[in-house]
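Chains, contacts and geometry: an overview
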Amino acid sequence: MTRTGIISPTQFPSLKSQRCGGGGDASFMEQLLLHCATAIDTNDASLAHQLLWVLNNIAPPDGDSSTQRLTSAFVRALLSRAASKIPALLNIAFQPPADEIHRFSVVELAGFIDLTPWHRFGFIAANEAILTAVEGYSTVHIIDLSLTHCMQIPTLIDAMASRKLNKPPLLKLTVVASASSFPPFINISYEELGSKLVNFATTRNIEMQFTIIPSTYTDGFSSLLQHLRMYPTSYNEALIVNCHMMLRYIPDETLTPSSHSSLSLRNVFLNQLRSLNPTIVTLIEEDADLTSENLVTRLRSAFNYFWIPFDTTDTFMSEQRRLYEAEISWKIENVVAKEGVERVERTETKGRWLERMRDNEFGGVRVSEEAVSELKAMLGEHAVGWGMKKDDDDESLVLTWKGHSVVFATVWVPI
């Protein structure tokens, strides 16, 4: 400790060569956060206080650099975690309260999603796969397990209408409604949302039915699966299951003390889904591992993933950036501060999801070249850092930012 009582980087051997410049050195800040997490979890109030003081001074919440604002979000998350372990730390006003998560109108949410390819990447890949799979069917039943409140569907309706068939297929859309929720939030009910979608489909000469099933991720959407078993698909009906960044909320722990992966609730869901014999399943997820029970391991993974959305906001207008970073900060707090059933952000890597799908008798389908071309055109509308890579080994497409994997898109069929 220095004479002023403030921690110096030289106290930590791993930090001796690191410097925090005007914009903030990410490696230096990461190491401070990791030491702080350890101090909080070992109830070392003195060390935690010193580290938080340093972090608060070099990473203000309104910092000019994305690294400073990213670090500030982690500091707030660590303070939230400290509430149950070292309450005395909360008497020190290190950080202002987090911004309240905004509730979007439908139009606002559509614009918010269009800010980056984060969601649009999966929309395009999935919609192209769906359009190919449903060709020739008189009824298309889509189970939309999506984080974005059906924002993918209007584009799909437009694409179905543009095919100019003599009689477009009946479109049945089923969504789940749960008391538990996570951002983004919308300011209308699903009943109102469904009415808007049905009216929009009518203007495109598409007959549409909208069904809401009360079901929750906490039990692996068991009531949804039960409903689908009670009402099996009819003749010439395609069953599409669109999983867009939602399956990560199904608890990843095993159902018994055994560590055998087949007993995990995620595998139970996929196994029951396979028994329904869907036409295709689209799986779009973020490519990160936030499942570790060890806080330091989890924080390191989170820091090395969530720098990406913060880094992409440099070209945003101030209000857009505030809303966008507030949503990411909510995720960071959930990953770092929460445990047990409250910790819902449990993202897994692409490799782990591919393993789960194969274990439950799904086979991967290559995303079409039409989708690849459309994705390239869409990426051209955004900042230079966005890119895409194809993995021929597992037939996936991966959205990248400055070469780093962000989101993967895959298509599956029963085998």
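Reading the values: the criteria
Residues numbered from 1 in each chain as written. Predicted model: local features only at pLDDT ≥ 70, side-chain atom pairs only at ≥ 80, totals over all residues. Heavy atoms only, no water. Helix = DSSP H or I, 4+ residues; strand = E, 2+ residues; numbered from the N terminus. Contact = heavy atoms within 4.5 Å. Areas by Shrake-Rupley, 256 points an atom, 1.4 Å probe, with all protein chains shown as cover. Expected span 1.5 Å × (residues − 1). Buried < 20%, exposed > 50% of the residue type's maximum accessible area, 1.4 Å probe, protein only. Pairing = 2+ DSSP bridges. Axes fitted to C-alpha atoms, helices over the stretch in contact; angles between N-to-C directions. Parallel < 35°, antiparallel > 145°, perpendicular 65-115°, else oblique. Left-handed = near helix turned anticlockwise from the far one by under 90°. Nonpolar A, V, L, I, M, F, W, Y, C, P; charged D, E, K, R; others polar. Core = buried A, V, L, I, M, F, W, Y, C linked by side-chain atoms within 4.5 Å. Arc of directions from axis to C-beta. Phe/Tyr/Trp six-rings, centres within 6.5 Å; stacked < 30°, edge-to-face > 60°. Lys NZ or Arg CZ within 6 Å of the ring centre and 35° of its normal. pLDDT = per-residue confidence, 0-100. Salt bridge = Lys/Arg side-chain N within 4 Å of Asp/Glu carboxyl O. Right-handed = clockwise from strand over helix to strand, strands pointing away.

A few words on the overall build of the chain. Within the chain, the regular secondary structure consists of 13 helices and 11 strands. In the chain, the share of contacts with a sequence separation of at least 24, taken over all contacts with a separation of at least 6, comes to 74%. Approximately 18100 Å² of the chain is accessible, and the part contributed by carbon and sulfur atoms is 51%.

Next up on the list: helix α3 (residues 66-85). With 20 residues, α3 ought to run about 28 Å at 1.5 Å a step, and its terminal C-alpha atoms sit 29 Å apart, in line with that. With 16 of 20 residues buried, α3 is to be regarded as a mostly interior element.

Moving on: the pairing of strand β9 (residues 386-391). Pairing of β9 with strand β10 (residues 396-401), which is carried by six bridges, proceeds in the antiparallel orientation. The residue of β10 that forms the bridge with Trp 386 is Trp 401.

This part is about the side chain of Arg 69. With respect to the helices, strands and loops of the structure, Arg 69 is situated in helix α3. Using a relative accessible area of 4% as the deciding quantity, one classes Arg 69 as buried. Those residues within four positions of Arg 69 in sequence are excluded, and the remaining contacts are Pro 60, Pro 61, Gly 63, Asp 64, Phe 310, Thr 313, Asp 314, Arg 321 and Glu 325.

So, about the packing of α3 against helix α11 (residues 318-337). α11 packs onto α3 with a crossing angle of 40° between their chain directions and a minimal axis gap of 9 Å. In terms of orientation, α3 lies oblique with respect to α11. The interaxial crossing formed by α3 with α11 has right-handed handedness. Contacts between α3 and α11 pair Arg 69, Leu 70, Ala 73, Phe 74, Ala 77, Leu 78, Ser 80 and Arg 81 from the former with Arg 321, Glu 325, Ser 329, Ile 332, Glu 333, Val 336 and Ala 337 from the latter. For the contact of α3 with α11, a count of residues per class yields eight nonpolar, two polar and five charged.

On to the nonpolar core, then. Residues Leu 145 and Ile 332 are the most contacted members of the largest nonpolar core, which totals 130 residues. When neighbours within four sequence positions are excluded, Ile 332 is seen to be in contact with Leu 70, Ala 73, Phe 74, Ala 77, Phe 306 and Phe 310.

A word on helix α8 (residues 222-230). The complete set of buried residues in α8 reads Leu 224, Leu 225 and Leu 228. The buried residues of α8 occupy an angular sector of 95° when the element is viewed end-on, so they sit on one face. Looking at the packing, one finds that the buried side of α8 touches β2 (139-146), β3 (170-177), β5 (208-214) and α9 (265-275).

Right, let's talk about the packing of aromatic side chains for a bit. A full pass over the atoms with the stated rule returns 12 aromatic pairs. Among the aromatic side chains, those forming a connected cluster through ring pairs are Trp 118, Tyr 305, Phe 306, Trp 386 and Trp 401. Geometry around Phe 185 places Arg 103 over its ring, the cationic atom sitting 4.9 Å from the centre. Note that Arg 356 overlies the ring of Trp 353, its terminal NZ or CZ placed 5.9 Å from the centroid.

Here Leu 299 lies in helix α10 (residues 295-311). Look at Leu 299 and you get buried, because its relative accessible area is 0%. Distance from Leu 299 to Glu 30, taken between C-alpha atoms, is 8.9 Å for residues 269 residues apart in sequence. Ignoring sequence-local partners within four residues, the contact set of Leu 299 consists of Leu 33, Leu 34, Ala 37, Phe 74, Leu 78 and Val 336.

This brings us to the confidence of the model for the chain. Caution applies to low-pLDDT parts of the model: their predicted coordinates are not meant to be read in detail. Taken as a whole, the chain shows an average pLDDT of 89; of its residues, 89% reach a score of 70 or greater. Taken as a whole, residues 1-10 scores under 50 in pLDDT and shows 17 contacts with residues more than four places along the chain or in a different chain. Counted against residues more than four places away or in other chains, residues 12-23, with its pLDDT under 50, gives 24 contacts.

This next bit is on the environment of Gln 226. By the element assignment, Gln 226 lies in helix α8. Measuring from C-alpha to C-alpha, the distance between Gln 226 and Gln 272 comes to 9.5 Å, with 46 residues separating the pair along the chain.

Moving on, we come to the pattern of salt bridges. Applying the stated criterion to the full structure yields 25 salt bridges. Arg 120 is paired through a salt bridge with Asp 114; the nearest N and O atoms lie 3.7 Å apart. With a relative accessible area of 41%, Asp 114 lands in the partly exposed category. The salt bridge partner of Glu 355 is Arg 352, with a shortest N-O separation of 3.4 Å. With Glu 355 and Arg 352 both in helix α12 (residues 350-359), this residue pair falls three residues apart, about one helical turn. Exposure remark for Glu 355: the relative accessible area of 39% places this residue in the partly exposed category.

Along any regular strand the residues' side chains alternate between the sheet's two faces. Of all the eight residues making up β2, eight are buried; the element is thus mostly covered by neighbouring parts of the structure. On β2, burial covers both faces: Thr 139, His 141, Ile 143 and Leu 145 on one face and Val 140, Ile 142, Asp 144 and Ser 146 on the other are all buried. Two elements, β2 and β3, share five bridges in a ladder whose sense is parallel. Looking at β3, one finds that Thr 139 is bridged to Leu 170. What joins β2 to β3 is helix α6 (residues 153-162), and the crossover it makes is right-handed. Where β2 lies against strand β6 (residues 237-244), eight bridges are found, and the strand directions are parallel. Among the inter-strand pairings, Thr 139 is bridged to a residue of β6, identified as Glu 237.

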